[in-house]
Every structure is written in structure tokens, then in C-alpha cells.
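Structure at a glance
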Amino acid sequence: MLKIWLCTIAATLLSFCSLPAAPVAVRFVEGSVHGFLVLRSSNGDTLAYGEQLQVQRDGGIETRLVFRFKDGSIHDERVLFTQRKVFTLQNYRLVQRGPSFSKPINASLDRTTEQYRVRYRKENNGPEKLDEGRLDLPPDVCNGMQSTLLKNLPQRAKETVHFVAFTPTPKTIKLELSPAGEDRFSFGGMEKKATRYRIRPQLGVLGPIASLFGKHPPDFYYWIANGEVPAFLAFEGPLYPDGPTWRVELTTPELPK
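The rules behind the values
Residues numbered from 1 in each chain as written. Predicted model: local features only at pLDDT ≥ 70, side-chain atom pairs only at ≥ 80, totals over all residues. Heavy atoms only, no water. Salt bridge = Lys/Arg side-chain N within 4 Å of Asp/Glu carboxyl O. Helix = DSSP H or I, 4+ residues; strand = E, 2+ residues; numbered from the N terminus. Buried < 20%, exposed > 50% of the residue type's maximum accessible area, 1.4 Å probe, protein only. pLDDT = per-residue confidence, 0-100. Contact = heavy atoms within 4.5 Å. 1 Å grid on protein atoms, 1.4 Å probe; cavity = no way out; pocket = protein on both sides within 12 Å on 5 of 7 lines; lining within 4 Å. Points joined across faces, edges and corners; volume = space filled by probe spheres on them. Nonpolar A, V, L, I, M, F, W, Y, C, P; charged D, E, K, R; others polar. Pairing = 2+ DSSP bridges. Core = buried A, V, L, I, M, F, W, Y, C linked by side-chain atoms within 4.5 Å.

**A short note on the pattern of salt bridges**
- According to the stated counting rule, one finds 15 salt bridges in the structure shown.
- The partner of Lys151 in a salt bridge is Glu30, and the shortest N-O contact between them spans 3.4 Å. Of this pair, Lys151 sits in helix α2 (residues 146–152) while Glu30 is found in the loop between α1 (4–13) and β1 (33–40), placing the two residues 121 residues apart along the sequence.
- The class of Glu30 is buried, set by a relative accessible area of 11%.
- Asp76 is the partner of Arg78 in a salt bridge, and the nearest nitrogen-oxygen pair spans 4.0 Å.
- Owing to a relative accessible area of 32%, Arg78 belongs among the partly exposed residues under this scheme.
- Here the salt bridges share partners, and the residues they tie into one network are Arg40, Glu236, Arg247 and Glu249.

Spelled out as C-alpha cells, the structure:
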């Protein structure tokens, strides 16, 4: 994604963007979930297996996404949100450590206290540093909630929301969620359709400068199964700034024969 200096400039300039942003309305109430995932490199190699867990907690819904990499790395992401007419993030935590992550990080956000805390290393074996302070979270911050929001968008609708990027200092940017086409997938010999959504970071007046220097953040993609109840199928994109493009898909646990 962006280098630190570029993100710092973007945080200032993005406040002048005219793109509207608003919380996504609840169409499908979230509840209890336990899903199994696989994470692969761009050439198809399996890098990690993961789980997504969702439970009711503290008057809201807590979702946890954990990936355990073959090289011992960990990606652990938790978000607590409410779903009273709209989805609203209450607190968030992200932990990334191990060889697969060039810059380990342990970051948290809290809407009630308006506090953030980021423990990070500039390299895996470097000294740990701490950055903390106050951050006013917009009502539509979507960290850890992207697939949930996409499942609740009306068909062919687009929306703009906010995202907190850790660079490692948190920077609030806008993301445009928009349908980018339909793809077919097979299931038990049946063909079904999924909407392919593109998640595009909005840099406003900084966009041409970022493109000129080759630092424009890449687009992310999600596949959401169409139908009476939309469902997550896959994700493609980096999991950290300047990271490689990885693909996350559903998988099935193997039972003993």
C-alpha cells in the first residue's frame, strides 16, 4: 500500500474529499458462526489455515478471524460491533507476527474511549515500539467487517465507508465498495452465481501523485454468493501494507474415514 509519508499526507487531504460515506444498513442480522478457511499465495500454494468465529458478546457481535501459517506466523483479527439498524464498530484488535509479516504489529481501537494503541516492530527482530493516542472513529469504520457489509448491500448498490490503516500510526481513509461483475461457481454439480465486489481505497486529490510514484494502494476483491441469503465465498488482496496478494477461500475439514 502506501509508504508512511504518503499516508500522512493522505490523512490530511482526504478530509476534503466529496465522496459521501455512511454506515451500512442491517438487512441480515449476524449471529453465531464457525467457518473454516484456507489462505493461498498468488500461485496457489497453501500458506495457512484459518477459522472465523462469531458470537454474541457485550450487547453486540464479536467476530474473530485467525490464520495459523505453516511457518508459524499468526494473523488474529477481532472486531466487536453492534447492529442496531446500521453496523457500528465498537472496538477492534489486530495481531500479526511471524516470518510472513515483515513488520509485526499489535493494534487496537476503541470507540467509547476514543483510544488507539499500536505496538510494532519495523522488522521482525527489531525493538518493539509503542504509539498510542486518541482517534475519533467515523460511524462507518469497517475494519474486520468488510464481508459483513457486502452481504448487506442491496444488489448492484455501491457504498463508501471508512477504514483505519495502520502504517503503523493509524490513518483513516475511505473505501469504495462496488460490484465489479458476476462469476459462476459450482456446488454439488450445480452452477450458482456470485457477485464480485471491488474494494477501492479513495485517495482524493492525492490519487494522481500516488499513481505517479507507483504507490497507489491495490484494489481488494470479495466474492459474495447471490441468493436469498448472501454468503462469503472468497477474498483476494494483501493483509498488510505493501503485502503480497493472497487469496482466502472456504474449506471443508477432513473427518477420519
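**Thoughts on the confidence of the model for the protein chain**
- Looking at the protein chain as a whole, its pLDDT mean stands at 88, while 87% of the residues score no less than 70.
- When the criterion is pLDDT under 50, residues 1–19 qualifies, and its contacts beyond four places in sequence or with other chains add up to 37 contacts.

**Some words on unusual backbone geometry**
- The omega torsion of the bond from Thr167 to Pro168 falls at 0°, within 30 degrees of zero and hence cis.
- Turning to its location among the elements, Pro168 is positioned in the loop between β9 (159–166) and β10 (170–187).
- In this model, Arg156 sits at a positive phi of 65°, which is unusual for a non-glycine residue.
- With respect to the secondary-structure elements, Arg156 resides in the loop between α2 and β9.
- Its identity as a non-glycine residue notwithstanding, Asp242 has a phi of 65°, on the positive side.
- Looking at where Asp242 falls in the secondary structure, it is placed in the loop between β13 (231–237) and β14 (246–250).
- Judged by relative accessible area, which is 41%, Asp242 ranks as partly exposed.

**Details of the layout of surface pockets**
- For the largest pocket, the calculated volume is near 1000 Å³.
- Surrounding the largest pocket, 46 residues form its lining, Gln96, Phe163, Pro238, Leu239 and Tyr240 being those nearest its centre.
- Elements with a minimum of two residues in the lining of the largest pocket: β3 (60–69), β4 (74–84), β5 (86–97), α2, β9, β12 (220–225) and β13.
- In terms of residue class, the lining of the largest pocket is made up of 29 nonpolar, 10 polar and 7 charged.
- Its volume calculated, the second largest pocket comes out at about 540 Å³.
- Every residue lining the second largest pocket is counted, 25 residues in all, and those nearest its centre are Val33, Lys151, Pro230, Ala231 and Phe232.
- Contributions of two or more residues to the lining of the second largest pocket are made by β1, β2 (46–57), α2 and β13.
- Top element by residues in the lining of the second largest pocket is β1. It accounts for 5 residues.

**Here we look at the pairing of β1**
- Sheet topology places β1 next to β2; 8 bridges connect them, and they run antiparallel. The residue bridging His34 from the neighbouring strand is Leu53, located in β2.
- Remark: 5 residues form the turn of the hairpin made by β1 and β2, two consecutive strands paired antiparallel; Gly44 in that turn has positive phi of roughly 95°.
- With 4 bridges joining them, β1 and β14 adopt antiparallel strand pairing. Residue pairing across strands places Val38 opposite Glu249, the latter belonging to β14.

**Section: the nonpolar core**
- Within the largest apolar cluster, 47 residues are counted, with the highest numbers of intra-cluster contacts made by Phe67, Leu109, Leu149, Leu150, Phe166, Leu175 and Leu177.
- Here this core gets 5 residues from one element, more than from any other, and that element is β9.
- Each residue touching Leu150, except ones within four places of it in the same chain, is listed here: Leu177, Tyr197, Ile199, Tyr222 and Ile224.

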